[in-house]
Amino acid sequence: MNKKATVLDDSAIRRTLTRLSHEIVEKNKGVDDLVIVGVKTRGVPLATRIKDKIADIEGVTLPQGELDITLYRDDLKEVTKDKEPEIKESSLPIDINGKKIILVDDVLYTGRTVRAAMDALVDIGRPSSIQMAVLVDRGHRELPIRADFVGKNIPTSKDEIVTVYLDESDGQEEVVIFEK
């Protein structure tokens, strides 16, 4: 794969997450009943950063959860290629019934990950609403799903790959477009 462009560097990611945090607070008229839930893997550190920024803004630390959607994927057989799927544990710190869930992920593409995440959440409880926050929306939806909070819209072709690198998992901070 050839690196085509770096679309967000570390400072741009930081500014983007600050803006998203303000938008979440503003749209929800505060932080009452909000729960931040990161989709594993890279949605979790992004959710933590948003939670921390909201704590700086509002002086309130929101409950945060982690969601593994592996068994909810509709392409599980394609992804695992007859291997056992690697299941990572989901953890939600509180009862989500009646709560406003802010679901956080790194890249929104076809919408299938979001659908799987919503299925997983509804199996756990009945939130009053589910809102989606993504660092990057690259288009090419296969399902009628949209994000409520978007860090950056990046028009891409289906022959391109958008990769998010985060310090917590990759030791670097950037969003890169690669050509196949």
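Check the entry above for the structure.
Residues numbered from 1 in each chain as written. Predicted model: local features only at pLDDT ≥ 70, side-chain atom pairs only at ≥ 80, totals over all residues. Heavy atoms only, no water.

## A closer look at the pattern of salt bridges
Line of reasoning, step 1. Enumeration according to the criterion identifies 13 salt bridges in this entry.
Line of reasoning, step 2. With its nearest N and O atoms 3.2 Å apart, the salt bridge here joins Lys 27 to Asp 148. Taken as a pair, Lys 27 in helix 1 (residues 10–27) and Asp 148 in the loop between strand 5 (129–137) and strand 6 (149–153) lie far apart in primary sequence, 121 residues in all.
Line of reasoning, step 3. The salt bridge involving Asp 148 is made with Arg 146; its shortest N-O contact spans 3.1 Å.
Line of reasoning, step 4. Since its relative accessible area comes to 23%, Asp 148 is described here as partly exposed.
Line of reasoning, step 5. A relative accessible area of 59% places Arg 146 in the exposed class. (Salt bridge = Lys/Arg side-chain N within 4 Å of Asp/Glu carboxyl O. Helix = DSSP H or I, 4+ residues; strand = E, 2+ residues; numbered from the N terminus. Buried < 20%, exposed > 50% of the residue type's maximum accessible area, 1.4 Å probe, protein only.)

## Thoughts on the sheet that holds strand 5
Line of reasoning, step 1. Spatially, 3-2-4-5-6 is the arrangement adopted by the 5 strands of the open sheet, whose pairing is parallel. On the outer flanks of this sheet lie strand 3 (64–67) and strand 6, each paired with one strand and no other. Neighbour-to-neighbour, the strand axes of the sheet open up by a mean angle of 25°, direction not taken into account.
Line of reasoning, step 2. Alignment of strand 5 against strand 6, held across 4 bridges, turns out to be parallel. Across the sheet, the residue bridging to Val 136 is Lys 152, located in strand 6.
Line of reasoning, step 3. Each of strand 2 (34–39), strand 4 (100–108), strand 5 and strand 6 touches helix 1; the most contacted strand, strand 6, lies at about 150° to it.
Line of reasoning, step 4. The strands that helix 4 (residues 112–124) touches are strand 2, strand 3, strand 4 and strand 5; relative to strand 4, the one it contacts most, it runs at about 155°. (Pairing = 2+ DSSP bridges. Axes fitted to C-alpha atoms, helices over the stretch in contact; angles between N-to-C directions. Contact = heavy atoms within 4.5 Å.)

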